[in-house]
Amino acid sequence: NAGVTQTPKFQVLKTGQSMTLQCAQDMNHEYMSWYRQDPGMGLRLIHYSVGAGITDQGEVPNGYNVSRSTTEDFPLRLLSAAPSQTSVYFCASSYAAGMNTEAFFGQGTRLTVV
Amino acid sequence: DAKTTQPTSMDCAEGRAANLPCNHSTISGNEYVYWYRQIHSQGPQYIIHGLKNNETNEMASLIITEDRKSSTLILPHATLRDTAVYYCIVRPANYGGSQGNLIFGKGTKLSVKP
């Protein structure tokens, strides 16, 4: 059982480049979300999705786009990378609304923008 | 913003019980208390959650005060592998939309020492 898989694990980008961080889950979870974590900080929510075809903004959405065409995948796109987006990115998934169960997190993507 | 308050850091001797407090004085009647931990920048890991009754699983025990304004996570026999940042989070019991998202504070950094 793979759980939540994030790729790549590490990435270095130049300012202005674009890229997509991949997140896939094999647990048929409806909820998926993206967080970023900066040094010494807790996780901050970027975007989330309550099901295929539905996405919404979190606390820090600027500079990021998401889509949810399937239940399994929730990619995060950086349109034009900036040094302020240097961070560790975590993807999470959990069951649908009304079910109090645990959220599962990926192992993170460590992104450096130079 | 996070609806919980936790100490910034705590130490615990290996083999002893680690008691991590959390204040959630504004918790609503339909909100659960969740605990997650993050070991050395890995993805957060679910530990336990509860509504009003004390809960125990293979990892930890959760003690919630009768007025539900605070709780304590207990690791009964802490090991070096329990060194991590521990997050206390409140979440509605029947959530929908953005209410399903986990809002992380800065957590408590627990250091288990030999």
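Residues numbered from 1 in each chain as written. Chains lettered and ligands numbered in written order. Predicted model: local features only at pLDDT ≥ 70, side-chain atom pairs only at ≥ 80, totals over all residues. Heavy atoms only, no water.

Draft legend 1. Quick peek at the overall build of chain A. Helix and strand counts for chain A come out as 0 helices and 11 strands. Counting from the amino terminus, helix and strand elements in chain A follow one another as β-β-β-β-β-β-β-β-β-β-β. Compactness check: chain A gives a C-alpha radius of gyration of 13 Å against a globular reference of 13 Å for 114 residues, within 12% of the reference. Over its C-alpha atoms, taken along the principal directions, chain A stretches across nearly 40 × 25 × 25 Å. Looking at chain A as a whole, 47% of its 114 residues qualify as buried. Relative to all contacts within chain A whose residues are 6 or more apart in sequence, the contacts with residues 24 or more apart total 54%. Roughly 5,200 Å² of accessible area belongs to chain A as shown, and the carbon and sulfur atoms make up 52% of that amount. Averaging the coordinates of the 7 positive side-chain charges in chain A and doing the same for the 8 negative ones gives two points 13 Å apart. (Helix = DSSP H or I, 4+ residues; strand = E, 2+ residues; numbered from the N terminus. Rg over C-alpha atoms; globule rule 2.2 N^0.38 Å. Buried < 20%, exposed > 50% of the residue type's maximum accessible area, 1.4 Å probe, protein only. Contact = heavy atoms within 4.5 Å. Areas by Shrake-Rupley, 256 points an atom, 1.4 Å probe, with all protein chains shown as cover. Lys, Arg positive; Asp, Glu negative; His and termini not counted. Charge placed at Lys NZ, Arg CZ, Asp CG, Glu CD.)

Draft legend 2. Focus on the pairing of strand 7 (residues 70-75) of chain B. All names here are of chain B. What you see with strand 7 is a clean split: Ser-71, Leu-73 and Leu-75 sit on the buried side and Ser-70, Thr-72 and Ile-74 on the side with no burial. Sheet analysis places strand 2 (residues 18-23) next to strand 7, joined by 6 bridges and oriented antiparallel. Following the sheet pairing, Asn-19 is matched in strand 7 by Ile-74. As paired strands, strand 6 (residues 61-64) and strand 7 are joined by 4 bridges and run antiparallel to one another. Pairing of Ile-64 across the sheet is with Ser-71, part of strand 7. Counting the residues between successive antiparallel strands, the hairpin from strand 6 to strand 7 contains 5 residues, one of them, Arg-68, with a positive phi of roughly 65°. (Pairing = 2+ DSSP bridges.)

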